[in-house]
Amino acid sequence: MKERLFWILKNYGISDRIAKAFLEIPREGFLVKRYPSSYVYEDIVLVSYDDGEVYSTSSQPSLMAMFMEWAGLDEGMKVLEIGGGTGYNAAVMSRVVGKKGLVVTIEYFEKVCRIAQENMRRLGIENVVVVCGDGYYGVSDLAPYDVILATVGVDEVPEHWFRQLKDGGRVIVPINMKLSERQPAFLFVKKGNYLEGGYKLETRFIKAGGNLGNLLERNRKLLKDFPFRKAIQVPRLHVFVELVDLLTRRLTRVNGIFYYVGSEGVVEFLDDEMRIYGDAPEIESLLFQWEECGYRSFEHLVLHIGYNVLSHISCTI
Ligand code: SAH
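Before going into details, it helps to say that this report is about the structure given with it.

1. A short note on the site of the ligand
Alright, step 1. Lining the immediate environment of the ligand, one finds 22 residues, of which Ser56, Glu107, Asp134, Gly135 and Gly209 sit closest.
Alright, step 2. Thr57 is positioned such that a nitrogen or oxygen atom in its backbone is 3.2 Å from an oxygen atom of the ligand.
Alright, step 3. Within the backbone of Gly135, a nitrogen or oxygen atom sits 2.8 Å from a nitrogen atom of the ligand.
Alright, step 4. Elements represented by at least two residues in the shell around the ligand include exactly strand S2 (55-58), helix H5 (88-97) and strand S4 (102-107).
Alright, step 5. The biggest single contributor to the shell around the ligand is S2, with three residues.

This is the structure:
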């Protein structure tokens, strides 16, 4: 059964090292719910835990394998997984990084987290550390990481992750778009003060809880009154709002209207114009860059997300 999965992964162009790791870990050992054995190694999402209140899934193997490929996951690496669930993916990654490597995984729900810890113990998997808590903060004690890989849809890549990532390290992350129900996955590389990279493909994970799922609420608290300055007409404004969200992590929503919350001003996004209150030179500069790139959507741009420096975009992929 596992062999069939191995060949499915090979058909996706997955490398031997990663595909073989799936042969070494019994997926049934991570499913609290019982499935017919023929299901377990299908290339599908399975519910791993469901008590009516808390819910976790074992992600689709081919998608996990692709994430690992993009991460360049290899022997000896240290990886942080966000959204540990009952631990299947962490266990598979532990075989890719091998004895000299380490997988740290963080799971928000205590009950699910305890099951993951027990699963690792029962299966004698020693190079996985399962931490219970909000993945928003990462796991600073064991940083820095070569790779941070999220298996849950998050509102942003928080600064904690950025700081815990090695320079040159990679982040693979499904991001919850705020205007649509989309959850595109991105690959970023840390270069100095920036995460650089872009869109990979559409996904559909569980949406994160805790601080990884409440960005709009947190930003709402930062809203302040500023005097109206000017209105600017913007073509394809909804596309621009998504870019502002990805690049600044400073979007909020009040009564169905989106706002950018800056330190010197606020920008209100209406149907085809944005209204600036106070100053938001960073947004005006972004608009200028975006115009230069022909108003392309984020899938066709390179994102340079700054941490404590201004973000920017470039047009060539
Ligand atoms: N990697 C898992 C997939 C888990 S599904 C596997 O291989 O089985 C996503 C998990 O993310 C869920 O268990 C959910 O409880 C968890 N989660 C949700 N919000 C989180 C947060 N803020 N921090 C960490 N984990 C979170």
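2. Concerning the pattern of salt bridges
Alright, step 1. Counted under the stated rule, the structure contains 21 salt bridges.
Alright, step 2. Across the salt bridge formed by Arg121 and Glu118, the nearest N and O atoms sit 2.9 Å from each other. Separated by three residues within a single helix, Arg121 and Glu118 lie in helix H6 (residues 110-122), roughly one turn from each other.
Alright, step 3. Take Arg121: its relative accessible area is 58%, and that puts it in the exposed class.
Alright, step 4. The class of Glu118 is partly exposed, set by a relative accessible area of 35%.
Alright, step 5. In this structure, a network of salt bridges that share partners links the residues Arg17, Asp74 and Glu75.

3. Observations regarding the nonpolar core
Alright, step 1. Core analysis: the largest hydrophobic core is formed by 55 residues, its most contacted members being Trp161, Val173, Phe188, Phe240, Phe269, Met274 and Leu303.
Alright, step 2. Top element by residues in this core is helix H9 (residues 237-248). It accounts for eight residues.
Alright, step 3. Beyond its immediate stretch of four places on either side in the chain, Trp161 contacts Ile82, Gly135, Tyr136, Gly138, Ile148, Ala150, Val154, Val171, Val173 and Leu212.
Alright, step 4. Counting residues in each nonpolar core, the second largest holds 46 residues, with Ile14, Ala65, Trp70 and Ala116 among its members.

4. Points about unusual backbone geometry
Phi is mostly negative for residues that are not glycine, and the peptide bonds are mostly trans.
Alright, step 1. Of note, the bond from Ala143 into Pro144 is cis; its omega dihedral lies within 30 degrees of zero at 5 degrees.
Alright, step 2. Counting through the fold element by element, Pro144 comes out in the loop between strand S5 (128-132) and strand S6 (145-150).
Alright, step 3. The backbone of Tyr295 shows a phi angle near 55 degrees, a positive value even though the residue is not glycine.
Alright, step 4. Tracing the sequence through the fold places Tyr295 in the loop between helix H10 (281-292) and strand S15 (302-306).

5. Structural notes on the state of the cysteines
Alright, step 1. Tallied over the full model, the rule gives two disulfides.
Alright, step 2. Two residues share a disulfide in this structure: Cys113 and Cys132, whose sulfurs sit 2.1 Å from each other. On the sign convention where negative means left-handed, the S-S torsion of about -90 degrees between Cys113 and Cys132 marks this disulfide as left-handed. You can see Cys113 sitting in helix H6 and its partner Cys132 sitting in strand S5, a full 19 residues away along the chain.

6. Brief notes about the side chain of Ser48
Alright, step 1. Take Ser48: it is sitting in strand S1 (residues 46-50).
Alright, step 2. Ser48 sits in the buried class, given a relative accessible area of 0%.
Alright, step 3. Every residue in contact with Ser48, bar those within four places of it in the chain, is listed here: Phe30, Leu31, Val32, Lys33, Ser56, Thr57, Ser58 and Thr86.

7. A closer look at the sheet that holds strand S8 (residues 184-191)
Alright, step 1. Reading across from one edge, S5-S4-S3-S6-S7-S8-S9-S15-S16 is the order of the nine strands in this open sheet, with mixed pairing throughout. The outermost strands of the open sheet, each flanked by one partner alone, are S5 and strand S16 (312-314). In this sheet, adjacent strand axes meet at a mean angle of 20 degrees when their direction is disregarded.
Alright, step 2. This element, helix H4 (residues 61-71), spans S6, strand S7 (165-174), S8 and strand S9 (194-202) of the sheet and lies at about 155 degrees to S7.
Alright, step 3. Against the sheet, H6 engages S4 and S5, with an angle of about 165 degrees to S5.

8. Things to note about H10
Alright, step 1. Between its terminal C-alpha atoms H10 stretches 17 Å, which fits the 16 Å expected from twelve residues at 1.5 Å a residue.
Alright, step 2. Within the span of H10, buried status applies to Glu282, Ile283, Leu286, Leu287, Gln289 and Trp290. The buried residues of H10 occupy an angular sector of 165 degrees when projected down its axis, which confines them to one face. Opposite the buried face of H10, by more than 90 degrees, sit the exposed residues Phe288 and Glu292.
Alright, step 3. On its buried side, H10 packs onto strand S10 (228-233), H9, strand S12 (257-261), strand S13 (265-269), strand S14 (273-278) and S16.

Scoring rules and cut-offs
Residues numbered from 1 in each chain as written. Predicted model: local features only at pLDDT ≥ 70, side-chain atom pairs only at ≥ 80, totals over all residues. Heavy atoms only, no water. Near = heavy atom within 4 Å. Polar contact = N/O pair within 3.5 Å; in protein donor to acceptor, adjacent residues only side chain to side chain. Helix = DSSP H or I, 4+ residues; strand = E, 2+ residues; numbered from the N terminus. Salt bridge = Lys/Arg side-chain N within 4 Å of Asp/Glu carboxyl O. Buried < 20%, exposed > 50% of the residue type's maximum accessible area, 1.4 Å probe, protein only. Core = buried A, V, L, I, M, F, W, Y, C linked by side-chain atoms within 4.5 Å. Contact = heavy atoms within 4.5 Å. Disulfide = S-S within 2.5 Å. Pairing = 2+ DSSP bridges. Axes fitted to C-alpha atoms, helices over the stretch in contact; angles between N-to-C directions. Expected span 1.5 Å × (residues − 1). Arc of directions from axis to C-beta.

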